[in-house]
Amino acid sequence: MDEAVAADRADPPDISAEPGKARELIAGSSAAAGKILIYIPSFSGGGAERVFMRLACRLVEDGYPAAMVVNSEEGPLRELLPGSVPLHVLGSTRSIRTLLPFARLLRRERPVGVVSALTGANLNAVLAVKLSRIKTRLVLCQRTQFSAHLRQLTPVRRFVRRTAVRILYPMADVVTGNTRGLASDIARAAGLSEAAVRVIPNPAPETDMLVAARRNPCPHPWFEEGTPVAVAIARLEPSKDYPTMLRAIARLKGRLRLIVLGEGSERARIERMIEELDLKGTVTLEGFRLNRFDYLVRGRMLVLSSIREGFPNALIEAVAAGIPCVSTDSAGGGPAEILGRDFSDSIVPVGDDAALAAAIEAELGRPPRHAKLEQIASRFSLDAMTRRFLKEIGL
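An account of the accompanying structure is given in this report. (Residues numbered from 1 in each chain as written. Predicted model: local features only at pLDDT ≥ 70, side-chain atom pairs only at ≥ 80, totals over all residues. Heavy atoms only, no water.)

**Details of the overall build of the chain**
- Scanning the chain for helices and strands turns up 17 helices and 13 strands.
- For 395 residues, the compact-globule estimate of 2.2 N^0.38 gives 21 Å, and the C-alpha radius of gyration of the chain, at 21 Å, lies within 12% of that figure.
- The principal-axis extents of the C-alpha atoms in the chain amount to approximately 60 × 50 × 40 Å.
- In the chain, which comprises 395 residues, the share counted as buried stands at 56%.
- The long-range fraction of contacts in the chain, counting pairs at least 24 apart against all pairs at least 6 apart in sequence, stands at 73%.
- Surface accessibility of the chain: about 16400 Å² in total, with carbon and sulfur atoms responsible for 51%.
- The chain carries 54 positive and 44 negative side-chain charges, and their two centres are separated by 6 Å. (Helix = DSSP H or I, 4+ residues; strand = E, 2+ residues; numbered from the N terminus. Rg over C-alpha atoms; globule rule 2.2 N^0.38 Å. Buried < 20%, exposed > 50% of the residue type's maximum accessible area, 1.4 Å probe, protein only. Contact = heavy atoms within 4.5 Å. Areas by Shrake-Rupley, 256 points an atom, 1.4 Å probe, with all protein chains shown as cover. Lys, Arg positive; Asp, Glu negative; His and termini not counted. Charge placed at Lys NZ, Arg CZ, Asp CG, Glu CD.)

In structure tokens form, the structure reads like this:
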């Protein structure tokens, strides 16, 4: 294993070195760079979409001719993309229908690099680059635990997706994951050596975003009442396992309220559980919120109950805001990699509502450990992540 790969596998992944200097180096080298395309399926409210929109914005800010590419511009995050970032819309919510338009775009733009995120988009990007017959550096970014994702598919879809990843991922120039566990998982699935998959963690939010959130009006009256309020920020989908979280909150018997930010297919089921567990005055579903930081910075803690996670943005955002976190030890290893060394008592088994309730209660009984949270947040920055992707593109 060469030194660069060994650095990627180091424990913990620290990508924060000299962020101010990094900005100078990035900006100083941008003039000679070719086009960079950042490809995601849509502007849905997921964490991966936010990360790669931030990457595109930072590249443009630093003078790189970067642009976003999406299959469809549907989704609540669309309004957050500034006009300074060019946008190419391929015209369909189905990846297969965007393959030829994507290949034509690649032939026209001839980018020096393409960064793609999420499994379906990654497979589409490999095929489009091959069809275009252009020379470009293709960087695939795996954002969720692939093996856990496969278990949720029907046998036929599982076979097709596993085979596609096995054949197409090795054709990319670089494959990355945002945690060590996730990188090892996709390496096995794609038939790659673990050393061949780079680890590039998600970035923490910039300090000014959190400062602004604290100055904004209080977004919910519960924060101004006496009972502590926890925040959960995650899509309402099976992989987030809200039933375990709700059962844990019910065990606390009113000692903690919960505000949930997110939308998804499980809303009706979650609403039924709230009624069945008599939590109507304790838990509220606020839907998707662009101003999630306004909620997060006022919370007593962040709670996650996911079955699988890559590198959860909500968790590193809470850490950066100095907000304590309690999480399940989800497949993909993100929560454990972020919190495990300093907050092992805040990580509990997946699906164990009793353990989750006990960890929440323990957190309520002690003051927030701000210094340790600050140390964790300092290891992750947008500038350093940008530098890592530029390196993988060859700039």
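Having seen the model, we can carry on.
**Description of the side chain of threonine 328**
- With respect to the secondary-structure elements, threonine 328 resides in strand 12 (residues 325-328).
- Of note is the side chain of threonine 328, whose polar atom sits 2.7 Å from the backbone oxygen of serine 306.
- Contacts of threonine 328, omitting those with residues within four sequence positions, involve Leu304, Ser305, Ser306, Pro335, Ile347, Val348, Pro349, Val350 and Gly351. (Polar contact = N/O pair within 3.5 Å; in protein donor to acceptor, adjacent residues only side chain to side chain.)

**A look at the nonpolar core**
- Formed by 35 residues in total, the largest nonpolar core has its most connected members in Phe102, Leu106, Leu138, Val165, Tyr169 and Ile186.
- The leading source of residues in this core is helix 5 (residues 119-132), at six residues.
- Those residues within four positions of isoleucine 186 in sequence are excluded, and the remaining contacts are Gln142, Phe146, Val165, Tyr169, Val175 and Val197.
- Phe223, Val229, Ala321 and Leu339 belong to the second-largest nonpolar core, a separate cluster that totals 33 residues. (Core = buried A, V, L, I, M, F, W, Y, C linked by side-chain atoms within 4.5 Å.)

**Observations concerning helix 16 (residues 370-377)**
- Residues of helix 16 that are buried: Leu373, Ile376 and Ala377. Down the axis of helix 16, the sector holding all buried residues measures 95°, keeping them to one side. Those residues of helix 16 that are exposed and angled more than 90 degrees off the buried face are Ala371, Glu374 and Gln375. (Arc of directions from axis to C-beta.)

**Description of the sheet that holds strand 12**
- On the basis of which strands lie adjacent, the open sheet formed by six strands has the order 10-9-8-11-12-13 and parallel pairing. The outermost strands of the open sheet, each flanked by one partner alone, are strand 10 (283-285) and strand 13 (347-348).
- The sheet contact formed by strand 12 and strand 13 spans two bridges and is parallel. Within the sheet, the bridge partner assigned to serine 327 lies in strand 13 and is isoleucine 347. (Pairing = 2+ DSSP bridges.)

**Let's talk about the sheet that holds strand 3 (residues 87-89)**
- An order of 3-2-1-4-5-6-7 is seen for the seven strands of this open sheet, with the pairing classed as parallel. With one partner strand each, in any of the chains shown, strand 3 and strand 7 (197-199) form the two edges of the open sheet. Each strand of the sheet is rotated relative to its neighbour by a mean of 25°, with strand direction disregarded.
- For strand 4 (residues 113-117) and strand 5 (residues 137-142), the ladder comprises five bridges, and the chain directions are parallel. Of the residues in strand 5, the one forming a bridge with valine 115 is valine 139.
- Here helix 8 (residues 180-190) sits on the sheet in contact with strand 5, strand 6 (174-177) and strand 7, set at roughly 170° to strand 7. (Axes fitted to C-alpha atoms, helices over the stretch in contact; angles between N-to-C directions.)

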